[in-house]
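This is what each chain is made of:
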Amino acid sequence: PDLGIEEQAELLPYDKRWEFPRDKLKLGKQLGSGAFGVVFKAEAIGIIDKDTTTTVAVKMIKPNTDPSYIKALASELKIMIHLGRHLNVVNLLGAYTGNINKRELMVIVEYCRFGNIHQYMLKQRDCFVNQVTKDGYLDYSIKTISKNPYYVNVPNNTILPEKCDDSSTQIGSDGYLVPDEVEPEWRSNYRGDYKNLIVKPSCTHDLICWSFQVARGMEYLASRKILHGDLATRNILLAEENIVKICDFGFAKTMYNSENYKKKSDKDLLPVKWMAIESLRDRVFSTQSDVWAFGIVLWEIFSLAVTPYPNIQKFNDLFNRLVEGYRMEQPKYANSEIYNIMLDCWKMNPMTRPSFTDLAERLGDLLQDGT
Ligand code: ADE
């Protein structure tokens, strides 16, 4: 069924300068899929420079899904246009709004080769270099034993690449696709067995560096009066040069012309374990509730992607424990300084939580701290 005229009107007024021709976009393999969207890798001709082809990521709606989903993606597009560019945000490159009536909407963004840091960290567990000393100091002189690639066993819940027809993805000697995240110099000896991905080991310094960058990206969002509403490691992507970028603005809201808060409708799915105590109680979201979620992200990062509150399954249990003052314990790869930052993000009173500027400063200091 087609969308009504009002629904179309709500979707359409957008800056046509972002429009990108469909025939210049060659879709490749699927990169991921969320509640309503699917993301494909693609090659876009002339999106950055005339005559050059750029690898991009394209978000669209799954076919035959609820019409409310196209509204969510259109809203995400508008948020991204309003947002502007920042190094630590997945930047918009263009959009194809061609036949919006037929629910065709494609949002074209920067491609991040290593995917989301949640999946990435799961692959790091066997080879991670812990630079926190016994006394809780940071010792950045602790380095990887070997510079060689590691073969690691991938946990069962890792999303593995699929076999597909994608000309931009290299095929190994045994006929398997070599995942993009495998370093070019290691591609020739890639075993083709998806259960054994080759990864470059990360260290504590990398985790702090990612955390710092997420704080900077969120500081930018807050300065543009946008609340993310779904900050989690599944929505943080890793690009070249250890650069991380915040993505997925499907839940994001602009706060302009509503003082500081925005109430969500009841039927929305909520990321309960990332939600601040006041959001659980009243469904009120703010930059301060994004700060709470940032604390959960720190906990995920410094546990290498353990699911938050691993022993709590029920909404009411979570809420009641938080009201009693319970907070998650120090994760395995944090020291007390890093843990204290998390605890500050989880203060009961939203006004006493640090700002993203404070958080970026404290994490920036830790980046230089080590020896
Ligand atoms: N998965 C979802 N979005 C992505 C992007 N922009 N780059 C790489 N993988 C992704």
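Since the model is a prediction, treat every value here as computed from it, not as a measurement. (Residues numbered from 1 in each chain as written. Predicted model: local features only at pLDDT ≥ 70, side-chain atom pairs only at ≥ 80, totals over all residues. Heavy atoms only, no water.)

A. Just the overall build of the protein, in detail. Helices and strands together make up the secondary structure of the protein, namely nine helices and 13 strands. Looking at the protein residue by residue over its 371 residues, the buried ones come to 53%. A fraction of 64% describes how many contacts in the protein between residues 6 or more apart in sequence connect residues 24 or more apart. With an accessible surface of roughly 18,000 Å², the protein has 50% of that area assigned to carbon and sulfur atoms. (Helix = DSSP H or I, 4+ residues; strand = E, 2+ residues; numbered from the N terminus. Buried < 20%, exposed > 50% of the residue type's maximum accessible area, 1.4 Å probe, protein only. Contact = heavy atoms within 4.5 Å. Areas by Shrake-Rupley, 256 points an atom, 1.4 Å probe, with all protein chains shown as cover.)

B. The UniProt feature "active site" (unreviewed entry) in the protein, seen in detail. Under the local residue numbering, the UniProt record ascribes the feature "active site" (unreviewed entry) to Asp230. Mapped onto the fold, Asp230 is located in the loop between strand S8 (226-227) and strand S9 (236-238). Residue classification places Asp230 among the buried positions, given a relative accessible area of 12%. Setting aside residues no more than four positions away along its own chain, Asp230 makes contact with Asn235, Phe251 and Pro271. (UniProt positions renumbered as here; feature names shortened; annotations may be inferred.)

C. Main features of the pairing of strand S4 (residues 92-96). Along S4, five of the five residues are buried, which leaves the element largely enclosed by surrounding structure. By the bridge criterion, four bridges tie S4 to strand S5 (residues 106-110) in an arrangement that is antiparallel. Considered in S5, the bridge of Ala95 is made with Val107. (Pairing = 2+ DSSP bridges.)

D. The arrangement of the UniProt feature "binding site: ATP" (unreviewed entry) in the protein in detail. Under the local residue numbering, the UniProt record ascribes the feature "binding site: ATP" (unreviewed entry) to Gly32, Ser33, Gly34, Ala35, Phe36, Gly37, Val38, Val39, Lys59 and Arg234. Secondary-structure assignment places Gly32 in strand S1 (residues 25-33). Relative accessible area serves as the criterion here: at 25%, Gly32 is assigned to the partly exposed category. Among the secondary structure elements, Arg234 is positioned in the loop between S8 and S9. Apart from residues no more than four positions distant in its own chain, Arg234 is found in contact with Asn116, His118, Pro271 and Trp274. A polar contact is formed between the side chain of Arg234 and the side chain of Asp230, at a distance of 3.1 Å. (Polar contact = N/O pair within 3.5 Å; in protein donor to acceptor, adjacent residues only side chain to side chain.)

E. Geometry of the confidence of the model for the protein. Confidence along the protein averages 84 in pLDDT terms, with 78% of residues attaining 70 or more. For residues 257-267, every residue scores under 50 in pLDDT, and the model assigns this stretch 21 contacts once sequence neighbours within four places are set aside. What the predictor reports for the complex is a pTM of 0.87 with an ipTM of 0.96. (pLDDT = per-residue confidence, 0-100.)

F. Inspection of the site of the ligand at higher detail. All residues adjacent to the ligand are Leu31, Val39, Ala57, Val109, Glu110, Tyr111, Cys112 and Leu237. Between a nitrogen atom of the ligand and a main-chain N or O atom of Glu110, the distance comes to 2.9 Å. Taking Cys112, its main chain carries an N or O atom lying 2.9 Å from a nitrogen atom of the ligand. Grouping the amino acids of the shell around the ligand by side-chain chemistry returns seven nonpolar, no polar and one charged. (Near = heavy atom within 4 Å. Nonpolar A, V, L, I, M, F, W, Y, C, P; charged D, E, K, R; others polar.)

G. Region of the structure containing the packing of helix H6 (residues 287-301) against helix H8 (residues 336-345). Contact pair H6 / H8: the axes reach a minimum separation of 8 Å and the direction vectors enclose 150°. One element, H6, and the other, H8, form an angle in the roughly antiparallel class. Where H6 crosses over H8, the handedness of that crossing is left-handed. Seen from H6, the contacting residues are Val291, Trp292, Phe294, Gly295, Leu298 and Trp299; seen from H8, they are Ile341, Met342 and Cys345. Class assignment of the residues belonging to the contact of H6 with H8 gives a composition of eight nonpolar, one polar and no charged. (Axes fitted to C-alpha atoms, helices over the stretch in contact; angles between N-to-C directions. Parallel < 35°, antiparallel > 145°, perpendicular 65-115°, else oblique. Left-handed = near helix turned anticlockwise from the far one by under 90°.)

H. View of empty space enclosed by the protein. Tallied over the full model, the rule gives four cavities of 30 Å³ or more. Space inside the largest cavity adds up to approximately 70 Å³. For the largest cavity, the full set of lining residues is Gly229, Asp230, Leu231, Pro271, Trp274, Met275, Ala276, Ser279, Phe285, Ser289, Asp290 and Ala293. The element best represented in the lining of the largest cavity is H6, accounting for three residues. The residue makeup of the lining of the largest cavity, split by class, is seven nonpolar, three polar and two charged. (1 Å grid on protein atoms, 1.4 Å probe; cavity = no way out; pocket = protein on both sides within 12 Å on 5 of 7 lines; lining within 4 Å. Points joined across faces, edges and corners; volume = space filled by probe spheres on them.)

I. Focus on the pattern of salt bridges. Taken as a whole, this structure holds 11 salt bridges when the rule is applied. The partner of Lys59 in a salt bridge is Asp248, with the nearest N and O atoms 3.1 Å apart. Of the two residues, Lys59 is situated in strand S3 (residues 53-61) and Asp248 in the loop between strand S10 (244-246) and strand S11 (253-254); the sequence distance between them amounts to 189 residues. Given the relative accessible area of 25%, Asp248 is considered partly exposed. Close ionic contact of Glu110 with Arg85 constitutes a salt bridge, the shortest N to O distance being 3.7 Å. Taken together, the residues span a long stretch of sequence, with Glu110 in strand S5 and Arg85 in the loop between helix H2 (67-83) and S4 at a distance of 25 residues. Through salt bridges with shared partners, a single ionic network connects Lys59, Glu76 and Asp248. (Salt bridge = Lys/Arg side-chain N within 4 Å of Asp/Glu carboxyl O.)

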